[in-house]
Amino acid sequence: MTDLTHVIDQSKPSIARVYDYLLGGKDNFAVDRAIGDHFKNNLPGSVAIAAGNRQALIRAVRDLARDGVRQFVDLGSGLPTADNVHQVARRHAPDAKVVYVDNDPIVLAHGRALLATDTGTTVFQADLRDPRTIREHREVVEMIDFDRPVAVIFSAILHHLNDDEDPAAVVRYWIDQLATGSMVYISHFRSGGNRETAAAEQKLQATFGRGRWRTDAEIAALFGELELVEPGIVPCASWRPDLAAVDKEERELTIWEQLIVTGLARKV
């Protein structure tokens, strides 16, 4: 990471790098680990949020590829980790194309290094709040055919937008670009009405100066008029769990596992 210090502010934590640390990655700095350690030490069990979210995304990409989707746009993709979107998709669809977008320069650097020889995948730096610029970016125009089904992914990113930044409008822009049969995947921190939710939300707002947990109804509204597919909006840990991971007697989710939900919806 030493060659990135001229573009990366090591004095401020990064959402992508904190998430990387919570997932056991090494692409983070002391300032990021300090935030991650707060969650590990002061809010025990909260690391399950990051792990549950990642596993649900992996299952969603798997199912999308199995169902015939061959184009993916991952907005707020974060740092490369095990089982990235393009790797999961290509296990089931070797011709899958993936565009990664993030606003963190370290994501751009590491992503380009990983994908240097991959002609079916690209990554570039852009702001989620400016969807038109992303849509018109040369690499999106060249790689994604919006006359065919596309999966647009908002994995654990929309809760970092404040209400006045209108996350629903961001999703709506992409819905308007999509052909029939396209899919939108969203995972989002969920208001739990308890002290755990309040403590976690307060810490992230204090750290990054932004973000809001939302209720199930508010999260459902982000999908607009799309058709939610089974099982609807549920905790990530409960979204199409692999049969091998399901206990004979369904266990009760921890309060932390209930704090992040996900859903997948189709444009009809």
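Just so it is clear, the model here is predicted, and its values are computed rather than measured.

About the thresholds
Residues numbered from 1 in each chain as written. Predicted model: local features only at pLDDT ≥ 70, side-chain atom pairs only at ≥ 80, totals over all residues. Heavy atoms only, no water. Helix = DSSP H or I, 4+ residues; strand = E, 2+ residues; numbered from the N terminus. Buried < 20%, exposed > 50% of the residue type's maximum accessible area, 1.4 Å probe, protein only. Phe/Tyr/Trp six-rings, centres within 6.5 Å; stacked < 30°, edge-to-face > 60°.

Participant: Any chance you could explain unusual backbone geometry here in plain terms?
Facilitator: Across the chain, the bulk of peptide bonds are trans and the bulk of non-glycine residues have phi less than zero. For the bond from Glu 230 to Pro 231, the omega torsion is 5°, close enough to zero to count as cis. Relative to the helices and strands, Pro 231 resides in the loop between β6 (227–228) and β7 (234–235). The phi dihedral of Asp 166 is positive, around 50°, even though this residue is not glycine. Following the sequence through the fold, Asp 166 ends up in the loop between β4 (151–155) and α8 (167–177). In this structure, Arg 240 is a non-glycine residue whose phi angle is positive, near 45°. Along the polypeptide, Arg 240 turns up in the loop between β7 and β8 (260–266). When its relative accessible area of 25% is taken as the criterion, Arg 240 is described as partly exposed.

Participant: Mind showing me how you'd approach the packing of aromatic side chains here?
Facilitator: Describing an aromatic ring pair means giving the distance of the ring centres and the angle of the ring planes. Applying the stated criterion across every chain yields a total of four aromatic pairs. Here Tyr 173 and Trp 174 contribute two aromatic rings whose centre-to-centre distance is 5.7 Å and whose plane-to-plane angle is 90°, an arrangement assigned as edge-to-face. By relative accessible area, which is 14% here, Tyr 173 ends up buried. A ring pair is formed by Tyr 185 and Trp 239, whose centres lie 6.3 Å apart and whose planes are at 85°; its orientation type is edge-to-face. Of the two residues, Tyr 185 is situated in strand β5 (residues 183–189) and Trp 239 in the loop between β7 and β8; the sequence distance between them amounts to 54 residues. An aromatic cluster of at least three residues, connected via ring pairs, comprises Phe 146, Tyr 173 and Trp 174.

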